Amino acid sequence: MAQADRYPAQGGLDPQDWDAFRARAHDMLDAALEQMKSAEQGAVWTPLPEDTKETYRTPLPREGKGGEAVADQLAQLLPYGVGNTHPRFFGWVHGSGTPGNLMADIAAAALNANLGGRDHGAMYVEKQVLDWVRELFDFPEDSSGLVVSGTSVATVIALKTARDRALGWASRKEGVDGARLVGYTSEQTHSCVARAFDILGLGSDALRKIPTDADFRIDLEALTHAIDADRAAGYHPFAVIGTAGAVNVGSIDDLSAVADIAAKENLWMHVDGAFGALGVLSETVRPMLKGLERADSLAFDFHKWMHVNYDAGCVLISSEEEHRKTFSERPEYLKAASRGLAAGNPWPVEYGPELSRGFRALKVWTQIAEHGTDRIGAMVERNCGQAVLLGKLVDAADDLELMAPVALNICCFRVLRAGLDDTALDALNEEIVIRLQEDGIAAPSTTKIHGRVAIRVNITNHRTKDEDMEILLSAIKRIVPDCSQEAAE
Ligand SMILES: *Cc1c(COP(=O)(O)O)cnc(C)c1O
């Protein structure tokens, strides 16, 4: 019997029994809602149990097990997230998501739209989102952008535009061999910038890491010296990358000064604003971001401080023309038309590396349309206040030490213990963080500040309450004696 004959002639992969499917879908929705409703309860992080891991180590199925069994398995996975939906998730930089985004994801899945191009409803939603974002950051009206997976990809798109402009777009055909392009950023910049240099064929060594001042902002004098030295040595400086919200401590470069240097030195100015750029939503933070509107490009995330459910980020490029010249390529089978489904020009495929693209923009639109920027901004501001509060509590405690000034929404500190040297303190603080995570009380992460391990509390979380700062510190107090023992072993 031919393979196709084993299955009913009608129906493809759609349910045979729609009523049963509808009931299962409603159950799944209920399970998802229960999960989200109880986000504040229980452990921050619960590792996946061994026997559940086993259910994801099966051979490739020739025969499917059917929708009911699959729905059960999906529901079983729900409690085992990374923990970023919990109010005391403080690790790395994660947004905490919203139940409202469940609606967007259901609608997006039902539409199953491909946003590479063409003229259909979803495209208008993404355009609306980009218009809003342009307005938010005071970018030129004719600037262009793209909703992407996150800042890492947005950075590649922005810096490819910078690279190709510097080489008169010849690099699109000829590559960058021998161009000796170099760019500049601070030592505090996220690793995705060096990765973009690598991906773009420039090599990560071509990204010069400039030292920072006492507030962890790029040292402007050192930046100017580095540019001069590179020019004298025959390099071709082409870009400077400012940081709005550095990943370690949340510092924001003096973006106006960076813009001045970029203008004077004829450099492309890019800003990594992954989480910090959305500080524009807060009246307190906005003045610190002055100069951002002068950037040639900006990369930031909706899934961090806007709490859009993973994943959604964005690239904005002030010159639509330069952006399009960097990516546009329309072979015959993607030819545009002025009417019909192939209309709606230019297409997103002309602004980035992806042809097929999902409908991430719907989650973003939903979040902004439902809550409005004032409310989201109030959450941003509240998080900054909580970091300041934690900094004060740390300052007031004899056995805690602040490792960096609280710049935005991040507080880095460490536990001190009489008789322990720096190496032993590093081990102790590493152990404390692991223990907090394993106990499920709170989930900060660690980083190094001036070479020493710091407990890093990043608050990009609309569920966090002020009292969570005290819960964190009393949990640390409780577990330190145990951890000291372990760290000493
Ligand atoms: C998270 C982050 C990135 C990377 O963004 P993704 O969305 O994870 O790709 C880059 N820079 C900073 C400052 C970040 O916080």
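Definitions and cut-offs
- Residues numbered from 1 in each chain as written.
- Predicted model: local features only at pLDDT ≥ 70, side-chain atom pairs only at ≥ 80, totals over all residues.
- Heavy atoms only, no water.
- Axes fitted to C-alpha atoms, helices over the stretch in contact; angles between N-to-C directions.
- Helix = DSSP H or I, 4+ residues; strand = E, 2+ residues; numbered from the N terminus.
- Parallel < 35°, antiparallel > 145°, perpendicular 65-115°, else oblique.
- Contact = heavy atoms within 4.5 Å.
- Nonpolar A, V, L, I, M, F, W, Y, C, P; charged D, E, K, R; others polar.
- Near = heavy atom within 4 Å.
- Polar contact = N/O pair within 3.5 Å; in protein donor to acceptor, adjacent residues only side chain to side chain.
- Areas by Shrake-Rupley, 256 points an atom, 1.4 Å probe, with all protein chains shown as cover.
- UniProt positions renumbered as here; feature names shortened; annotations may be inferred.
- Buried < 20%, exposed > 50% of the residue type's maximum accessible area, 1.4 Å probe, protein only.
- Pairing = 2+ DSSP bridges.
- Core = buried A, V, L, I, M, F, W, Y, C linked by side-chain atoms within 4.5 Å.
- Expected span 1.5 Å × (residues − 1).

**Concerning the packing of helix α6 (residues 151–166) against helix α11 (residues 320–327)**
Following both chains from N to C, one finds α6 and α11 inclined at 90°, their axes separated by 9 Å at the closest point. The angle between α6 and α11 places the two elements in the roughly perpendicular class. Contacts between α6 and α11 involve I157, K160, T161, D164 and R165 on the former and, on the latter, E322, H323, T326 and F327. Of the residues belonging to the contact of α6 with α11, the class tally is two nonpolar, three polar and four charged.

**Points about the site of the ligand**
Around the ligand, a shell composed of 13 residues is seen, among which S152, D272, D301, H303 and K304 lie nearest. Here an oxygen atom of the ligand and a backbone polar atom of T151 are 3.1 Å apart. Between D301 and the ligand, the recorded distance is 2.7 Å, taken from a side-chain N or O atom to an oxygen atom. Burial of the ligand by the protein amounts to 85% of the accessible area it has alone, namely 380 Å². When grouped by side-chain class, the residues that make up the shell around the ligand number four nonpolar, six polar and three charged.

**Some points on the UniProt feature "modified residue: N6-(pyridoxal phosphate)lysine" (unreviewed entry) in the protein chain**
Taken from the UniProt record, the annotation "modified residue: N6-(pyridoxal phosphate)lysine" (unreviewed entry) applies to K304. Tracing the sequence through the fold places K304 in the loop between β7 (297–301) and β8 (313–317). Of the residues examined, K304 reaches a relative accessible area of 12% and is grouped as buried. K304 has contacts with V93, G95, A274 and F275, leaving out every residue within four places of it along the chain. A polar atom in the side chain of K304 sits 3.2 Å from the side chain of D301.

**Description of the environment of N458**
Along the chain, N458 falls in strand β12 (residues 452–458). The sequence separation of N458 and C384 amounts to 74 residues, and the corresponding C-alpha distance is 9.5 Å. Sequence-distant contacts of N458, defined by excluding residues within four places in its chain, comprise F89, F90, G91, W92, V93, H94, N409 and I410. Side-chain polar atoms of N458 contact the side chain of T460, separated by 3.0 Å.

**Let's talk about the sheet that holds strand β3 (residues 181–186)**
With respect to topology, seven strands assemble into an open sheet ordered β2-β8-β7-β6-β5-β3-β4, the strand pairing being mixed. Strands with a single pairing partner mark the edges of an open sheet, and in this sheet they are β2 (144–148) and β4 (207–210). On average, each strand axis in the sheet is inclined to that of its neighbour by 20°, with strand direction left out of account. With respect to the sheet, α6 is in contact with β2, β3, β5 (236–243), β6 (268–272), β7 and β8, its orientation differing from that of β6 by roughly 175°.

**Things to note about the side chain of D301**
Position of D301 relative to the elements: it lies in strand β7. According to the relative accessible area criterion, D301 is buried, its value standing at 2%.

**Comments concerning the nonpolar core**
Grouped together as the largest cluster of nonpolar side chains are 96 residues, with contacts concentrated most on F137, Y184, F197, M269, L298, F300 and F302. In contact with F137, not counting residues within four places along its chain, are A277, L278, V280, L292, E293, L298, F300 and L316. By size, the runner-up hydrophobic cluster in this structure holds 26 residues, among which are A387, V415, L436 and A475.

**Side note on helix α4 (residues 100–111)**
With 12 residues, α4 ought to run about 16 Å at 1.5 Å a step, and its terminal C-alpha atoms sit 17 Å apart, in line with that. When we look at burial in α4, the residues that qualify are G100, N101, L102, A104 and A108. As for α4, its buried residues are in contact with α1 (18–37) and α12 (360–396).

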